[in-house]
Amino acid sequence: FGWTFLALGTSFIGLLLAGVVMYMILTIKAINLGTRQSNFIDSVTHELKSPIASMKLYLQTMLRHPVSEDKRDGFCTLMLEDVDRLNHLINQMLDAGRLEAGRAFGKAEDVSLPEVVAECADITRKRNRVPAESFRLELEPCRVRAAPAQLSMVFRNILDNAVKYAGVPPRVEVTVGPLDERRAVVRIADNGSGIPPGARRKIFRRFVRLGSELEREQPGTGLGLYVSKTIVRRMSGRIRVKDRAVGTGAVFEVVLPRLATTNGEA
């Protein structure tokens, strides 16, 4: 009877300790999620407020003061850029919601990977007002099966981050080409301060941005890399970040299944 009681007591204590550990783990996860959501709300509020305040200022200036035609055109151009910024933010949030719900968008087709990446680089450069010499592209022919809209979203998000966190002057190096007979690879490298090893998996989670929202200088919501990784994984690919072999900065590497071709194209 004594040994039976001891065994039952030990089992009970073990279950109790396991329950306490599980409770602590779930509590820590809930706290972390709450912190990320708070950061997300702060960043979205800032992202919405800044362009709205900017457009309000331009409109008040044109209404209250005589403005030359050249200045008026300049104000309109700046307001259109603010509208594009708001549109990008809203689309990013909608895309994250669709991916979270498991809803696909865009029809898969045979796509030239270098053409998509080059177009994304050009759009990113113009939107961030970066000179052409800041980008260096090395493109080799290869094709993948993907929805062009989704593929463009992946690389625009990564390129946008590369430009935001690059050094001064910014230097972004993009290479595209076959990795082997079945896979293609895209590498996007910047000359920034890099990403600490302990944070390289965290940055692909929802709402995660390194540092405090109150001290952050770069805009963003913490959704771009999450969206990119979700799309890449659904395409049976992988995405990772590592240090540059020479100098400072981060390298984002995207590996995707490659289409076999019959026209001599790699």
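Before any of the text, the structure's been laid out above.
Residues numbered from 1 in each chain as written. Predicted model: local features only at pLDDT ≥ 70, side-chain atom pairs only at ≥ 80, totals over all residues. Heavy atoms only, no water.

(A) Region of interest: a nonpolar patch on the surface. On the surface, a nonpolar cluster with roughly 770 Å² of combined accessible area is contributed by Phe 12, Ile 13, Leu 16, Leu 17, Val 20, Tyr 23 and Met 24. Tracing the backbone shows Met 24 in helix α1 (residues 2–64). Here Met 24 falls in the partly exposed class, since its relative accessible area comes to 49%. (Patch = residues over 30% accessible without salt bridge, like charges linked within 9 Å, V, L, I, M, F, W, Y side chains within 5 Å. Areas by Shrake-Rupley, 256 points an atom, 1.4 Å probe, with all protein chains shown as cover. Salt bridge = Lys/Arg side-chain N within 4 Å of Asp/Glu carboxyl O. Helix = DSSP H or I, 4+ residues; strand = E, 2+ residues; numbered from the N terminus. Buried < 20%, exposed > 50% of the residue type's maximum accessible area, 1.4 Å probe, protein only.)

(B) Examining the nonpolar core more closely. By size, the foremost hydrophobic cluster in this structure holds 43 residues, and its most contacted members are Leu 113, Leu 151, Phe 155, Ile 188, Phe 252 and Leu 256. Among the secondary structure elements, those contributing two or more residues to this core are α3 (113–127), β3 (143–146), α4 (148–164), β4 (172–178), β5 (183–190), α5 (224–234), β6 (238–243) and β7 (250–257). Sort the elements by how many residues they give to this core and α4 lands first, with eight residues. Phe 155 has contacts with Leu 113, Val 117, Cys 120, Val 186, Ile 188, Val 254 and Leu 256, leaving out every residue within four places of it along the chain. Among the nonpolar cores identified, the runner-up in size contains seven residues, and Met 62, Val 67, Phe 75 and Leu 86 belong to it. (Core = buried A, V, L, I, M, F, W, Y, C linked by side-chain atoms within 4.5 Å. Contact = heavy atoms within 4.5 Å.)

(C) Molecular detail of the packing of α3 against α4. Relative orientation of the contacting elements α3 and α4 amounts to 45°, with a least axis distance of 9 Å. Classed by the angle they form, the pair α3 and α4 counts as oblique. The handedness of the crossing between α3 and α4 comes out as right-handed. Note on element contacts: α4 touches α3 through Leu 151, Ser 152, Phe 155, Arg 156, Leu 159, Asp 160 and Val 163, opposite Leu 113, Val 116, Val 117, Cys 120, Ala 121, Ile 123, Thr 124 and Arg 127. (Axes fitted to C-alpha atoms, helices over the stretch in contact; angles between N-to-C directions. Parallel < 35°, antiparallel > 145°, perpendicular 65-115°, else oblique. Left-handed = near helix turned anticlockwise from the far one by under 90°.)

Nothing here speaks to function; it is geometry throughout.
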